[in-house]
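Inside the fold
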Amino acid sequence: MVSRKITSVDDLSLKEISSIVNKALRFKKSTNQKKTNKPKNIFNLFLEASTRTTISFELASKKLGHNVINVNFEKSSLSKGETFNDTMDTLISMKPDALIIRDKNNFSPHEIYQKHKIPILNAGDGTNEHPTQALLDLCVIKSIFKDKKIKIGICGDIKHSRVAHSNIKLLSKLNHEIHIIAPNYFLDKKELTKINRKLVFHKSLSKLPKLDVIMMLRVQKERISKNAKSYMNSFKKDFCLNLNHLKNQPYLMHPGPVNRNIEIDSKVLDSYSKSLILRQVDMGVYLRMACLDFILK
Amino acid sequence: MVSRKITSVDDLSLKEISSIVNKALRFKKSTNQKKTNKPKNIFNLFLEASTRTTISFELASKKLGHNVINVNFEKSSLSKGETFNDTMDTLISMKPDALIIRDKNNFSPHEIYQKHKIPILNAGDGTNEHPTQALLDLCVIKSIFKDKKIKIGICGDIKHSRVAHSNIKLLSKLNHEIHIIAPNYFLDKKELTKINRKLVFHKSLSKLPKLDVIMMLRVQKERISKNAKSYMNSFKKDFCLNLNHLKNQPYLMHPGPVNRNIEIDSKVLDSYSKSLILRQVDMGVYLRMACLDFILK
Amino acid sequence: MVSRKITSVDDLSLKEISSIVNKALRFKKSTNQKKTNKPKNIFNLFLEASTRTTISFELASKKLGHNVINVNFEKSSLSKGETFNDTMDTLISMKPDALIIRDKNNFSPHEIYQKHKIPILNAGDGTNEHPTQALLDLCVIKSIFKDKKIKIGICGDIKHSRVAHSNIKLLSKLNHEIHIIAPNYFLDKKELTKINRKLVFHKSLSKLPKLDVIMMLRVQKERISKNAKSYMNSFKKDFCLNLNHLKNQPYLMHPGPVNRNIEIDSKVLDSYSKSLILRQVDMGVYLRMACLDFILK
């Protein structure tokens, strides 16, 4: 039997996506989640700091009745001079039933799967992908719009955002209409057009068509080059979402954590009634339960 | 239904105090604690370093069969520039069944409850309160003195001690006779008299009435101002409990961790037979089980 | 009833060793490990950084159905000025069912047992012993050689290696033929001869008899004196295992983490087919399950 994985949105067929999303929505509705009587042992490897995602995965695993073993790499063998590959070989030799991994290196979940064929979930790899975030965003969208094809704007630091990459792939697969709003220094148009030739590009938040959803991205200060940092002031001026941009009343999404007054104005965060930001966090737990169920099958 | 909380001793009626204390004493007696078959998910948030209290709460939760998710704020979103309030909103959007929180800011558990109405236990907030410590101290006292009204001395850095504040409130409610022993620089008499007008104040350990219990406090070096630090030598000379002070054989309590030879002489710690310090630690686990049961009702 | 402990290989009789090893091998074979319905509470104290051993013990405990409470000493009371002994008294007053401890101080697990008589496993104490590593190594040897008396070489930094000390004790008890390969600066011949007068000493990897197993040790850079560090270049030249040393095709063992190109050449690590290194990691989990079962009896 082949081990299952979600290292990228591309790993999933339309049927699998639909099945995972529907299961997540069922988990959310049911108040009395039954726990497994065959608990699995799940290694939770976070090689980059994260609160929301680590906790969300840990909670999802425990809600299903599984055991979570958090592997803290900061106080790990790596500090004793072992290579990353040797550490991974060691951990996987202990035969966990599944691996959840966040790493700052692009494609490392994919490479680990290629070598070890272990059930694996990508919890974010560098600037590449964050497939469970895209899937949970889809759950939230589906819980509001059902099967309607929506118009969604994705705005900000597209280039360094694994969230954007996974969302563009996923929403494209499902034929939603995607508008990209970003300055040139946060955009790699060529790359994106390979994913979806119908993407519509905008240089400003001011003259957008009527959107169902606007998804703002975190500016990934920790991943951008010094060169791009010099653009930050101009970015804040032109691309920080304020109440004026929201006259058409789209739903607002953001993967968090938010840089207040960089990508979204504090007034929007504290008063805009159509924000879905905390619903995304809530949905994340149920979606990750569904993803765990999927790879542990 | 209203969520329950213990953010302060003031949250509890006499009946509730008695019920929690009695349940803790029953937990201590029973060797075969039955675990719940409906495990809850408890977030354990410690924003200040702590061994004994973190572990005590984690063990209490697990003894009851619940899931504990430790939230480590040092490697959290806070380091990515998210505000404390946004992080709390995020965590609580994941819908834990209860929150245990220690924070260096006074009243933060209260404020979180006001906003989110989630079952919450205060595991120590700044210099304000540490209600589960006072309740466990009461359990230890009750296990020795039953329903007798006792004479208890509380000595040391009252001003910066959340343990003292919760104990003075709790023991006052129950009409025990409280003697406060402290230098002026570790005392806010006005504040204390508001809680209980019958407090008896002393300036020295030498001429005390016969006490049933003497409770020494940790000098909170990390919380006191530079000014007060200059008093440390004079404090050690006058208020460090030694064997001479114990001629009347009171029981000795201390919330730990002890600064040896600052608030208690090492000889006392290593030889005094009526020390209850480790019994307090032991009782802490059972008392916290009872508190968890209380808020999860 | 007396609490059981494995603080040293010397704690175990031949019968107990055999019983633990056989149980570990049974655990490895059985696919459907039944969990206890009386979970115990195990404190996992790691006062030295470690990935493989911490995780291995945590996984072993959870596979048996027990609760693990990781005690992180870096953010502990120790930083608030409490002594190590006071912290241990505190932790043990919470009455965990067992203690797993790694400490950089020799004999601290033994000393804790002497004082507290609590079920305890030594997960490595300074340069003294690492008994569960020796036991798991024995499991791997037994899974290949059954009851044959083997010829085994142990090579490298014997002096600072707790793994070597436990292995020499254990293999000597069982009358295997032990060859020690080490430079003088990594050797305390007198000490070793006290354990086993029949040890055979070699000064080079080049002219060894035909061995069944060669066990390489990690050079414990973090434990060796400045003086010995100056020998590192000469050590690498003379004692780094390469393919030329393996013409007789012995099985290769190493406790990990490996310093590539210091004690073992990368080519050996990446191509030698008779390496048991990852099988040791795998076996470690089952052996530790058996050790936990032993002390919790």
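These figures come from a predicted structure and were not determined experimentally.

Definitions and limits used
- Chains are numbered independently. Their residues run from 1 in the order of the written sequence.
- Whichever chain is written first becomes A and whichever ligand is written first becomes 1, with later ones labelled in order.
- A pLDDT threshold of at least 70 governs which residues receive local features in this predicted model, and a stricter bar of 80 or more applies before side-chain atom pairs are shown or counted, although totals over entire chains, interfaces and linings include all residues.
- Processing note: side-chain calculations cover all non-hydrogen atoms of the structure and skip hydrogens and water entirely.
- Starting at the N terminus, helices and strands are each numbered in turn, a helix being any DSSP run of H or I of at least four residues and a strand any DSSP run of E of at least two.
- For every residue, the accessible area obtained with a 1.4 Å probe (protein chains only) is divided by the maximum for its type, and the residue is called buried under 20%, exposed over 50%, and partly exposed between those limits.
- Whether two strands pair depends on DSSP finding at least two bridges between them.
- Pairs of residues are marked as contacts when any of their non-hydrogen atoms sit within 4.5 Å.
- Note on terms: buried area is the combined drop in 1.4 Å-probe accessible area of two parts once they are placed together, counting the loss on both.
- In what follows, salt bridge is the name for a side-chain nitrogen of Lys or Arg lying within 4 Å of a carboxyl oxygen of Asp or Glu.
- Our superposition of the copies is a least-squares fit, built on the C-alpha atoms of residues whose pLDDT is at least 70 in both.
- The predictor attaches a confidence to each residue, called pLDDT, with possible values from 0 through 100.
- Whether a crossover is right-handed comes down to one check: with the strands pointing away from the viewer, does the path from the first strand over the helix to the second run clockwise; if it does, it is right-handed.
- Working definition: rings of Phe, Tyr and Trp (its six-membered ring) pair if their centres are within 6.5 Å, and the pair is stacked with planes under 30 degrees apart, edge-to-face with planes over 60 apart, and tilted otherwise.
- Look at NZ for Lys and CZ for Arg. If either is within 6 Å of the ring centre and within 35 degrees of the ring normal, a charge sits over the ring.
- Boundary definitions for the domains trace back to an automatic or database domain assignment.
- Residues are grouped as follows: Ala, Val, Leu, Ile, Met, Phe, Trp, Tyr, Cys and Pro are nonpolar; Asp, Glu, Lys and Arg are charged; every other residue, Gly included, is polar.

Re unusual backbone geometry
- Here the amide bond leading from Gly256(A) into Pro257(A) is cis, since omega sits at -15 degrees, within 30 degrees of zero.
- For Pro257(A), the location among the structural elements is in the loop between β10 (251–253) and α10 (266–271).
- With phi around 50 degrees, Lys117(C) is a residue other than glycine that occupies positive phi space.
- Accessibility expressed as a relative area gives 45% for Lys117(C), which makes it partly exposed.
- For Lys146(C), which is not a glycine, the phi torsion comes out positive at approximately 50 degrees.
- Note that Lys146(C) resides in the loop between α5 (131–145) and β6 (151–155).

With respect to the sheet that holds strand β3 (residues 67–71) of chain B
- Spatial strand order, β1-β5-β4-β2-β3 (chain B): five strands in an open sheet with parallel pairing. Because the sheet does not close on itself, it has two edges, and the strands there are β1 (5–6) and β3 of chain B.

A look at the interface of chain B and chain C
- Facing 24 residues of chain B, the contacting portion of chain C comprises 22 residues.
- Interface area, chain B with chain C, both sides summed: about 2,200 Å², of which 55% is carbon and sulfur.
- Linking chain B with chain C are three salt bridges, by the criterion used here.
- Measuring nitrogen to oxygen at the nearest pair gives 2.8 Å for the salt bridge that ties Lys95(C) to Asp282(B).

Re the relation of the copies chain A and chain B
- When chain A is fitted to chain B, the best match, at an RMSD of 0.0 Å, comes from turning it 120 degrees and sliding it 0.0 Å along the axis. Here the two chains are linked by the operation of a three-fold rotation axis.

Structural notes on the confidence of the model for chain A
- Per-chain confidence: chain A averages 93 in pLDDT, with 96% of residues scoring 70 or above.
- Model confidence for the complex is summarised by a pTM of 0.95, with the ipTM given as 0.94.

A word on the pairing of strand β7 (residues 177–181) of chain A
Residues and elements named next belong to chain A.
- Extensive coverage of β7 is indicated by the burial of four of its five residues.
- In this fold, the crossover linking strand β6 (residues 151–155) to β7 by way of helix α6 (residues 162–173) has right-handed handedness.
- Note: β7 against strand β8 (residues 200–202), three bridges, orientation parallel. Its bridge partner lying in β8, Ile180 is registered against Phe201.

Focus on the packing of aromatic side chains
- Within the structure shown, the criterion is met by 15 aromatic pairs over all chains.
- When the centroid spacing of 4.0 Å and the interplanar angle of 10 degrees are considered together, the rings of Tyr185(B) and Tyr231(B) count as stacked. On the criterion of sequence distance, the pair formed by Tyr185(B) in the loop between β7 (177–181) and α7 (189–195) and Tyr231(B) in the loop between α8 (226–229) and α9 (232–239) is long-range, its members being 46 residues apart.
- The class of Tyr231(B) is partly exposed, set by a relative accessible area of 33%.
- With 5.3 Å between their ring centres and 65 degrees between their planes, Phe186(B) and Phe235(B) make a pair best called edge-to-face. With Phe186(B) in the loop between β7 and α7 and Phe235(B) in helix α9, this residue pair connects regions lying 49 residues apart in the sequence. Accessibility classification places Phe186(B) together with Phe235(B) in one group, the buried group.
- These aromatic residues form a ring-pair network of at least three members: Tyr185(A), Phe186(A), Tyr231(A), Phe235(A) and Phe239(A).
- Between Lys189(A) and the ring centre of Phe201(A), over which it is positioned, the NZ or CZ distance is 5.0 Å.
- When the ring centre of Tyr251(C) is taken as origin, the NZ or CZ atom of Lys274(C), which lies over that ring, is 4.5 Å away.

Some remarks on the domain arrangement of chain A
Residue and element names in this part refer to chain A.
- Segmentation of chain A into domains returns domain 1 (5–130 + 284–296) and domain 2 (132–280).
- Centre-to-centre, using C-alpha coordinates, domain 1 lies 25 Å away from domain 2.
- At the interface, 27 residues of domain 1 touch 25 residues of domain 2.
- At the junction of domain 1 and domain 2, the tally comes to three salt bridges.
- Here Glu129 makes a salt bridge to Lys169, at a shortest N to O gap of 2.6 Å.
- For the side of domain 1 that touches domain 2, the elements supplying multiple residues, two or more each, are α1 (14–29), α2 (52–63), β4 (98–103), β5 (120–125) and α11 (277–296).
- Looking at the side of domain 1 that touches domain 2, the element that brings in the most residues is α1, giving six residues.
- The residue inventory of the side of domain 1 that touches domain 2, partitioned by class, reads 10 nonpolar, nine polar and eight charged.

Considerations on the pattern of salt bridges
- According to the stated counting rule, one finds 48 salt bridges over all chains in the structure shown.
- Across the pair Asp86(C) and Arg260(B) runs a salt bridge, and its minimum N-O distance is 2.7 Å. Here Asp86(C) is found in helix α3 (residues 84–93), whereas its partner Arg260(B) is found in the loop between β10 (251–253) and α10 (266–271) on a different chain.
- Several salt bridges converge on common partners, so that one network encompasses Asp10(A), Glu129(A) and Lys169(A).

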